Every structure is written in C-alpha cells, then in structure tokens.
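Next come the chains, spelled out residue by residue.
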Amino acid sequence: MDKKDIPFLSATQLSRLIQTKEVSPVEATEAYLDRIEQLDGKLNSYITVCRDEALNSAREAEQAIAAGRYLSPLHGVPVAVKDQCYTKGIRTTAGSTILWDFVPGYDATVVTGLKNAGAIMLGKLNLSEFALGDSFVHPAGTPKNPWDLTRNPGMSSSGSAAATGAFLCASSLGEDTGGSIRIPAAWSGLVGLRPTWGLVSRYGVLPASWSMDTVGPITRTVEDCAITLQAIAGYDPNDKYTWNQPVPDYQQALAGDITGIRVGLLTEKTDSDDVDKEVRDAVVAASGVLGELGAPVKTVSLPIIVHGGTASKCITDMEGAAVHYEGLKNHPGEYDHNTRVRLLTAILTPAQSYYKAQKFREMLRQELLELLKEVDVVVLPTSPAAAPKIPDGPGIKSQEDAHSRMAGIRSFTGPFNLAGVPAISVPCGFTSDNMPISLQIVGRPFEDATVMKVAHAYEQATTWHTRRPPI
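Residues numbered from 1 in each chain as written. Predicted model: local features only at pLDDT ≥ 70, side-chain atom pairs only at ≥ 80, totals over all residues. Heavy atoms only, no water.

1. Some details on the side chain of S96
1) Next: Along the chain, S96 falls in the loop between strand 2 (78–82) and helix 4 (109–116).
2) Next: Overall, S96 belongs to the buried group, its relative accessible area being 0%.
3) Next: Reaching out from S96, the side chain makes a polar contact with the side chain of E129 at a distance of 2.8 Å.
4) Next: Ignoring any residue separated from it by four or fewer positions in sequence, one finds S96 in contact with E129, F130 and P139. (Helix = DSSP H or I, 4+ residues; strand = E, 2+ residues; numbered from the N terminus. Buried < 20%, exposed > 50% of the residue type's maximum accessible area, 1.4 Å probe, protein only. Polar contact = N/O pair within 3.5 Å; in protein donor to acceptor, adjacent residues only side chain to side chain. Contact = heavy atoms within 4.5 Å.)

Encoded structure:
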C-alpha cells in the first residue's frame, strides 16, 4: 500500500492491516505525521504534535507485534487526544494561555488506557478555552472545518473533529459536557459518542462541569468508535464516580441485525421550527432506513425536553464558575473575552437557579427513563442546522444569538447530559451546500453497545460516512 493512502483507512481497517503485518505502525505514524505537516496549517487542529514520542512508540509497537505480543485493535494505530487530558511530560493547555506551559507529571486514565491498548499518541488537539465551548480567541489558532474552512468544526472538541475529519489521526478523544463530542462530530461528518456518565474515568481531565463532563471517542466509523471506547472504558479507583462493573466487547456487540429494537422518533426535536428542513428530512429518512432494517419505528413525545438546553447551560456554567472562581478573582484579564463574560455571569446567577435546574434535571431523567421503557432508543437530530460560520468577533450579537447560546443547539444535546445516558451522533446526509447532517441515537444507561449497534446498522446501510471533505 502506498504510504500516502494509509490515513484514508478507517482505524479498524488500519488495525487489521497492522495485525497481519501488511502495514507497519511506523509507516502508519509517518503517514499521519506527513499529513499533519502538510495540512494542519490550514486547520489548526493540533496544539502540540508529539513527533518524536509518536515515532518511538510506533517502533516499540512494531517490535511487539513482530514478536507476537499484539495487544488490541488499537495496537499501532495513531490517535490524538483533546488537550484537556493530562499527558505525562507533554504540555496540557486546555486551550488557554493561562496553562500554556503546564506539563503534568502523570497521564489521565484515558491516556493510560490508550497506551495500554498500544495506540500511538500523535499529539494534543485544539479546543475552546477550558473546554467551555464559547471562546473566541484560540491561542493555537482557530480550528477550521475540513468541509468548509470558513465554518466551525465544533464547539469545545473542535480540534478533535477537525483532525479526525481531515484524516490527521485515525481516532480521537473529545469531551462532552453539553454536547461537545456529538456536535463536533455532527458538524464535521463524523461519529461521536458521549458514553454513559461514569463509564469512562475523568481522572486527569481538566474539569468544566463535575456533574456532566464525559470523555468519549470522535471517529470516522462506528466500529472505530467501539474499539476506541473499549480502550478507555471501565472502573477507575482514582475516579469515585466510575462504575465498578464489567465492560462488554463493544466491537463484537456490533454484529447481527437490529430486528426488534424499538425506535422512537422524538417529535419535539424533529418537527420543531428550530430545525432546518434539510436536517428534518434527513433525520426522518434515516428513521425510515432503521425501519427497513427491522427496527420498528414510531413517533414519541417528551415535552419536558424543550427546556433541557437552558438547564444544562445553567448547571455547566455555574459549576464551571466554581472551578475558575479563584482565577477569575486574581487574573480575570487572562481569560478569553467570551469565557470571562460567561463565567462572571454564572458567578452572579442566583443559587436558586442552580437548585431549580437540578430539580428539573431529575424530572427530565425520570421522564426520559420512562420513555426508554416504551422504546429501546430515541432518535432526533444532533444539531438543528449544519455547521455555522466561524464568528468574526467576540461577544453576543443579538437576542437571537443569546437564545441560541443558551438553548439553541444545546437543547438537542444537553438533555442527555442531564440524564447521564449514552448518545451517539452518526452522519445521515448532507445539505445542499455539501455540509454534513447527523442523526443522534440515545439509549438507556450502560446500553452504549445498543446505541452503537443501531448506529452501525444504519451506517452500513448507507454511504454518508464514505464521503471525504474537499481539503
């Protein structure tokens, strides 16, 4: 195989070629590093590229595989992680000048998981400041969408989406507090899974909102998502919020059909006036494909969900303000304008708002779990519209802009963060101007395998995931 073609393989395809020794981990790593050098100046997806470390790890992987010590489907596969995750001896900036020279003394548990699986760490990926989603200035450059360089590739995990979508890594990790795995995946034509809360450790991950932060994969296929999740899922004694229970074989769980899996098409987020017609049509068509695959589909309703974005934003911002209280008090001018305004607003928000949002959260969770007795998964758009243009200045521009930031897109993703349930975004179409559209599939707690199985069945029945961005 020509080395320059290697990055266009899925992580799973590359994994099989590495296992059979048709491609070496060194070849694969060099191919990705060459592509990063060639293209990332246009995309700004990486903050730090770990060239020497990656090549050393690739040589070690090659020797281990040659000696018969094959570790996992990620062994020898080049990956990258959001620069929110601690990496021993490699700076971890959280996308902020405040931490620009911070070098942790240990790895985040998810990074350890990737290393234990034999993955090759290419580098650290760009993000909004402190993973809060709204910053205007990115010290490493504003990430660009590989489908259209004038558009946003995502929110907080923007670099993870840009790099994965432009074939600058085989798989990546993002972090989702209010949608920042699923939204970047949706806007960049990728697969993004927010796992069940507590399935993946957050030890060594810089916090945004302690009660909702979740690390998960952003990948090009659902099978890539499964093998990446396999490496990072499981109980961690360093994170008391992880669950001590067995982790299934997610890749194996994709096998078989989805006959009999009950699907609920959520009316409040499909028929809403907030949803672009092209998005609505694509999601309805996608639900029809699931029906053709043997999964009975019916429309379902969850009226409470329309307030989910507001409650999610309230909790996220107030918990984030608690994290950054001392920093805002001692050096507020070092924060990005949008980050500073957002966190100061949260500090001034009455505690009763946080209390009411938490009460609402419990109501939403219970009503969603009741609905998930009636159906096995709920489907809806991940985003009401395709990726927007990159903002041309900081701050809120209008009442409509304020509404969009508070409720808009977060009302499609935030409710499932509130409920702590797994949710995946998978490509389901393109707009008339060739921007990706995505279907969101939501399941019961710890039924991440079912959510991925439905997504995989849909993906394999369609060709949306095979399109390449024009970069």
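2. Some points on the sheet that holds strand 7 (residues 263–266)
1) Next: Within the open sheet, the 11 strands sit side by side as 1-3-2-4-6-5-10-11-9-7-8. Their pairing is mixed. Taken across any chain shown, the strands that pair with only one partner, and hence form the sheet edges, are strand 1 (46–49) and strand 8 (297–300). In this sheet, neighbouring strand axes are inclined to one another by 30° on average, regardless of whether the strands run parallel or antiparallel.
2) Next: Two elements, strand 2 and strand 4 (residues 171–176), share 3 bridges in a ladder whose sense is parallel. Within strand 4, the residue paired with A80 across the bridge is S172.
3) Next: Helix 9 (residues 277–292) contacts strand 7, strand 8, strand 9 (377–381), strand 10 (423–430) and strand 11 (436–442) of the sheet and is inclined by roughly 50° relative to strand 11. (Pairing = 2+ DSSP bridges. Axes fitted to C-alpha atoms, helices over the stretch in contact; angles between N-to-C directions.)

3. What about the packing of helix 13 (residues 351–374) against helix 15 (residues 410–419)?
1) Next: Two numbers describe how helix 13 lies on helix 15: the axes approach to 8 Å, and their chain directions differ by 95°. Accordingly, the angle class assigned to the pair helix 13 and helix 15 is roughly perpendicular. Contacts between helix 13 and helix 15 involve F360, R361, L364, R365 and L368 on the former and, on the latter, P415, F416, N417, L418 and A419.
2) Next: Considering only residue class, the contact of helix 13 with helix 15 consists of 7 nonpolar, 1 polar and 2 charged. (Parallel < 35°, antiparallel > 145°, perpendicular 65-115°, else oblique. Nonpolar A, V, L, I, M, F, W, Y, C, P; charged D, E, K, R; others polar.)

4. Some remarks on the packing of helix 1 (residues 11–19) against helix 7 (residues 222–232)
1) Next: Between helix 1 and helix 7, the shortest axis-to-axis distance is 8 Å and the interhelical angle comes to 65°. With respect to helix 7, the axis of helix 1 lies roughly perpendicular. Along the contact surface, helix 1 presents A11, T12 and R16, while helix 7 presents E223, D224 and I227.
2) Next: Residues of the contact of helix 1 with helix 7, tallied by class, amount to 2 nonpolar, 1 polar and 3 charged.

5. As for the packing of aromatic side chains
1) Next: Inspection of the entire model under this criterion finds 10 aromatic pairs.
2) Next: Ring centres of F8 and F167 lie 4.8 Å apart, and the angle between their planes is 55°; this geometry places the pair in the tilted category. With F8 in the segment before helix 1 and F167 in the loop between helix 5 (158–165) and strand 4, this residue pair connects regions lying 159 residues apart in the sequence.
3) Next: Their ring planes at 65° and their centres at 5.4 Å tell us that Y86 and F102 sit as a pair that is edge-to-face. (Phe/Tyr/Trp six-rings, centres within 6.5 Å; stacked < 30°, edge-to-face > 60°.)

6. Quick word on the pairing of strand 4
1) Next: The buried fraction of strand 4 amounts to 6 of the 6 residues, a majority that puts the element mostly inside the structure.
2) Next: Because side chains alternate across strand 4, one face comprises the buried residues S171, L173 and E175, and the other comprises S172, G174 and D176, equally buried.

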